[in-house]
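Working through the structure, step by step
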Amino acid sequence: MSTVNGTAIGTPSDGTDEETQGAGQQGENEERSEEAAKGRTERSEREDMADSQVYTATSLPDIPKENRTKSNPLVLDWAYGINQTLPVLSLQDKDRLVILYVCAHVAVVYDYSSNSQHLLQGHCSPITCLCASEDRRWLVTADKGQESLVIIWDSYTGIPVRTLFDCHPEGGVSALALSKDSKYLVTVGAGIEQRVCIWDWTNGSDSPECQVDISPQYGCQTQILFNPSDSKQLLSNSKNQVLFFNWERGHLEYSAPEMSNKTFNVVLGSLSQSIFHCNGVQAFTATSAGNIVLWDKQSKSVSRQPLVRKVIKIIPLQNQGISVLTLIDSFIVTGDVNGHIKFYDENLKLIILYKEFSLDPIRSISFSKEMTSTNSLGYQEDCTLNAKPLIIRNFVLSTTRATVVHVNAQRNFPLTLLEEHAEPLEAVACHPKQPLVAMGSYSGTIKVWNYERKEAVCSRVFQPHKHIQCITYDPQGFYLAVGYASGVLQVLDASTLQSAGEQCLQYSQDGITHLTFSQDSLYLAAADTGKAVTFLCRCKEGTQEIWKYQGRHHSHYKPILDLLFGVDLDSNQPRLLSLGMDRRLVEYDLQNSAEHELFILSSDRIEQSAVPTCMVWYPPLTPEHFLLIASNLYKMKLFNATSKMCRKTLLGPSYGSPVKKMAILPTSKGGDPNSCYMAYITQDKIGIQILPLDGNPHKSFAMVCHSTGVSTLACSYDGRYAFTAGGPDCTVFSWELCLSSLEASAALGGQDMVPFINLLEGGKDGQLFREMEEYFYYCQLRNQDLDTMETRLVSTRISLADVPFLMRALGFYPTEQELEDMQNEVKFSCYAETRNYVTDIDLEEFIKLYVNHRPVAGISRQELCNAFQVLGRPDEGGRYAIARDGLLELLQARGEHMTEDELADCFTALLGVSSEGGICTDSESLLESLLPPEITMETFATDVLGFSAVTQELPQEDDT
């Protein structure tokens, strides 16, 4: 035997050697298998990458206008507006003008060349900061909210490639930046004690590489960036402090050099933005006083130690405040509050000045990623005496007044890309016959868009009054009425936006909240914050048409929530109705009102505890004419248009907040004339609903449209689009409606009774459904005499008189008014068709009745707390209590009156004192024995209602 490198080689001599040889061969086979598997994995990864849109994309593609996925019933089609507080980034690729900006919770990639948008949707809260890599390949957006997100997007495809979930749970993100090589991302939290985190977002880790908390004494850091020369160094600034960060060996630390007005005996001003110098050592900070603060390393700094910087010099660069400071190539660029843009060399010597654009204060400056070709244009000369040739990139700038301008640096030519509303946008209206949508904002500007061509048609600024709160077109499309917060009303020509007749109409100092025209366009009504309705009539005065004041009535004692014109079915005359928070539905007597007087025809209380939110005329899907009214308890009710009788109560959309506005969609061209739909908005969502209403939740769909709240809704004349205004976010979203997707979604929810049975706890196999069946058949037996020995007649229906008892047996205790509504709903369900009353009900009809009428949520402790705050008085310990005598008097005299015997029966049943069917002989004595003289919330909740002990602290203020 011989050895090679200490390893024996030769013929095995015994079994042990054979086993060793076999084990070695097995190991070699395993290694070959692992290598083969690894090779297959690598080939699979290469194939996957070859199929990946992100991997294969090489440049910004043309943004398709019509090729959008329509798998959802609501597809975001276009975003009108811009968040002017955030920067606008240039994504210019060769000769294409492409920019990135933010609308509410959506980032918009806008291609000006093709007039198209690619909408980056993924955030549920307003986007608070964004940035882009140096090559513009990667875009990063972040928001503030309960579930804040940081999303990294591929700009070539619009695909999100990485999402950081809740990386700053203390309140979201206030600033972020990418390193020059795009490998690292830094984020700054928005909490009181801000946390700075550095992420290697390419490795898939959910934890930052390093982090550090910033002391609140340095103010809120609103900007951060990497040193282009060294990714281990960063800086950030607030309005009064600049921080320098060093990142070494996984440890992040910062220094806060001292700076104040006393340092150099000058007025420093608040800090706006900071940048690193081209050399990577020095840094600059711009201030609101027009100064530049120069930072440099301390002379004591050692090469092995982290750089420590201090203020070297304060340079009074200009008299105007500097709002933007950035670095491009070898130039230092500033933008100021006068709208001027200045280029300086690295020694802060002025090179070129742009001041002829007449712009508002500059908010951001962003340069194209490629140098402009100068072959045909020649070189521009700088501002020095030598007039040296100058080559600078094209750039995009944004202003504080929501204007975005592209500047061709060689031609010195500005091109306005966007000019949007800079103040809250509350008013939106669609033209009744053309693809036009009008928008009005608090800046006093009305802008009309063609929503098919995505082009602005006309605009007008109304400076004297400003604060446009509502606008509406008349049914013919000739007039546009405008209501202001000052109480002024204007009627404009819909085509030119010029005043028709008198310039301004003002009959109140209260802001106008609702406007509506009659069907023949002869009448106009306005509701205001003074809880009054103003009525005007169009008439001729000579050759000119004017709007004449007819009358005004203070018809509600709480805010008016909706205003609506209708048509009387008998006389074909206009009807006017208003709906108030006071639960009153008021109809006005237009025919008998005298000059300068508006009379009330009827005033009906339509709710007991719920507060109505909006109303609309129900489409003619039945022989009866109905008025549809939604409430804050997630219910929708159909009222007979003539008698105001509640004919049906239905479960409405329940997506976190009640419906606040509804609109019946017109039948689209080529659509099914027998199909009808309704659009609606809640606090922050837009939804669509299949009609007729029946309480099936699968016939409704909703999604977030404006995370900070939606103010109003408008629908296009052809029923294809819906528009929502976000109010404070200065944005209007256009939603394309895909009704076939909604129908498919409803079909997947089940047919016939399946959706309603699934709304019961436990479904068809649950205890509630079994109890419902047992009670239902028990009612049948009881109606046929329980003690009879005769053969029972099996039936599928029970008497309508048994419905109240069956409801109570299932734990739902409706009021007498609610019981009457149930009785009427069933009794008159077929009256319009057959002229006969319905006197019985089957199990399926009863289940629908129960599901639609029962409360969406039970009694909450907060509601009980509010009731005790309103009715009771606080004791020495701050707990609210109600006197027994006072409570009993209220129960007997207010609301639905109760007798003393009825009260005694109720309390004995709740407290479990008497057996079922017991008779009370002395109600007053019984109530005194059952209830203490002073009833606290804890006593009422635990002893009477059977709640668990109330442990939460009661609020000290009335929230009702």
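Residues numbered from 1 in each chain as written. Predicted model: local features only at pLDDT ≥ 70, side-chain atom pairs only at ≥ 80, totals over all residues. Heavy atoms only, no water.

**Side note on a negative patch on the surface**
Test applied: Patches were defined on residues exceeding 30% relative accessible area and lacking a salt bridge, with like-charge contacts within 9 Å and nonpolar side-chain contacts (Val, Leu, Ile, Met, Phe, Trp, Tyr) within 5 Å. Computed with a 1.4 Å probe, the accessible areas rest on the Shrake-Rupley method; for each residue, only the protein chains presented here act as cover. Here, a salt bridge means any side-chain nitrogen of Lys or Arg that lies within 4 Å of a carboxyl oxygen of Asp or Glu. Residues scored as positive are Lys and Arg, those scored as negative are Asp and Glu, and His as well as the terminal groups of each chain are ignored. The location of each charge is read from NZ of Lys, CZ of Arg, CG of Asp or CD of Glu. Comment: elements are numbered from the N terminus, with helices defined as DSSP H or I runs of at least four residues and strands as E runs of at least two. Per-residue accessibility, obtained with a 1.4 Å probe over protein chains only, is compared with the maximum for each type, and a residue is labelled buried under 20%, exposed over 50%, and partly exposed between these values.
Judged by side-chain charge, Glu-900, Asp-901, Glu-902, Asp-905, Asp-922, Glu-924 and Glu-928 come together as a negatively charged surface patch. Among the elements that take part in the negative patch, helix α13 (residues 900-911) stands out by supplying four residues, more than any other. Since its relative accessible area comes to 39%, Asp-905 is described here as partly exposed.

**Quick notes on a nonpolar patch on the surface**
Taken together, the side chains of Val-870, Leu-871 and Leu-890 present a nonpolar region at the surface, about 230 Å² in accessible area. One can find Val-870 in helix α11 (residues 861-871). Judged by relative accessible area, which is 46%, Val-870 ranks as partly exposed.

**Let's talk about the pairing of strand β35 (residues 436-441)**
For the record, the criterion: For two strands to be treated as a pair, DSSP must find at least two bridges joining them.
When you tally the buried positions in β35, you get six out of six residues, the bulk of the element. Judged by which residues are buried, β35 turns out to be covered on both faces: Leu-436, Ala-438 and Gly-440 on one side and Val-437, Met-439 and Ser-441 on the other are all buried. Bridge count between strand β34 (residues 425-430) and β35: five bridges; the pairing is antiparallel. Looking at the pairing, Leu-425 lines up with Ser-441 of β35. Counting the residues between successive antiparallel strands, the hairpin from β34 to β35 contains five residues.

**Some points on helix α8 (residues 816-827)**
Defined as follows: To estimate the expected span of a helix, subtract one from its residue number and multiply by 1.5 Å. Contacts were defined at the residue level, with two residues in contact if any of their heavy atoms lie within 4.5 Å.
The end-to-end C-alpha separation of α8 is 16 Å, in line with the 16 Å expected for 12 residues at 1.5 Å each. Taken residue by residue, α8 has Leu-819, Asp-821, Met-822, Asn-824, Glu-825 and Val-826 as its buried positions. Residues of α8 that are buried sit in contact with β52 (635-640), β53 (646-651), α7 (803-809), β62 (840-842) and α10 (843-853).

**Notes on helix α15 (residues 937-944)**
The following threshold applies: The arc in question is the one spanned by the directions pointing from the helix axis to the C-beta atoms.
Among all positions in α15, only Met-937, Phe-940, Ala-941 and Val-944 are buried. The arc that holds the buried residues of α15, viewed along the axis, is 115°, so those residues lie on one side. If you follow the buried residues of α15, they end up packed against α11, β64 (880-883), α13 and β65 (934-936).

**Points about the nonpolar core**
Short version of the rule: For our purposes a nonpolar core is just a set of buried Ala, Val, Leu, Ile, Met, Phe, Trp, Tyr and Cys residues, chained together by side-chain atoms within 4.5 Å.
Within the largest apolar cluster, 54 residues are counted, with the highest numbers of intra-cluster contacts made by Ile-99, Tyr-101, Val-428 and Phe-723. With five residues, strand β3 (residues 74-81) is the largest single contributor of residues to this core. Residues Phe-756, Phe-812, Val-838 and Tyr-850 belong to the second largest nonpolar core, which totals 28 residues.

**Section: the sheet that holds strand β42 (residues 512-517)**
Cut-off, in case you're wondering: Axis angles are defined between N-to-C directions and span 0 to 180 degrees, where every axis is a line fitted to C-alpha atoms and, for a helix, only to the segment in contact.
Spatially, the four strands line up as an open sheet ordered β42-β43-β44-β45, and their pairing is antiparallel. The sheet is open, and its two borders are formed by β42 and β45 (544-553), each paired with just one other strand. Ignoring strand direction, the axes of neighbouring strands in this sheet form an average angle of 25°.

**Points about the pattern of salt bridges**
For the structure shown, the criterion picks out 25 salt bridges. A salt bridge links Glu-452 to Arg-720, with the shortest nitrogen-to-oxygen separation between them at 3.9 Å. Of this pair, Glu-452 sits in the loop between β36 (445-450) and β37 (455-461) while Arg-720 sits in the loop between β58 (712-715) and β59 (721-725), placing them 268 residues apart in sequence. Owing to a relative accessible area of 39%, Glu-452 belongs among the partly exposed residues under this scheme. Residue Arg-720 is classed as partly exposed on the basis of its relative accessible area, which comes to 32%. When the shortest N-O distance is used, the salt bridge between Glu-587 and Arg-575 registers 2.8 Å. Highlighted residues: Glu-587 in strand β48 (residues 584-589) and Arg-575 in strand β47 (residues 574-580), separated in sequence by 12 residues. You can call Arg-575 buried: its relative accessible area is 7%.

**What about the packing of helix α6 (residues 767-783) against α10?**
For the record, the criterion: Roughly parallel covers angles under 35 degrees, roughly antiparallel covers those over 145, roughly perpendicular covers 65 to 115, and oblique covers all other angles. For a crossing to be left-handed, the near helix must be turned anticlockwise from the far one by less than a right angle; the clockwise case is right-handed. Nonpolar residues are Ala, Val, Leu, Ile, Met, Phe, Trp, Tyr, Cys and Pro. Charged residues are Asp, Glu, Lys and Arg, and all others, Gly as well, are polar.
Close contact between α6 and α10 brings their axes to 11 Å; oriented N to C, the two are set at 125°. By the angle class used here, α6 and α10 are oblique. In terms of crossing hand, the pair formed by α6 and α10 is right-handed. For the pair α6 and α10, the contacting residues are Leu-768, Phe-769, Met-772, Glu-773 and Phe-776 in the first and Leu-843, Phe-846, Ile-847 and Tyr-850 in the second. Taken together, the residues that form the contact of α6 with α10 break down as eight nonpolar, no polar and one charged.

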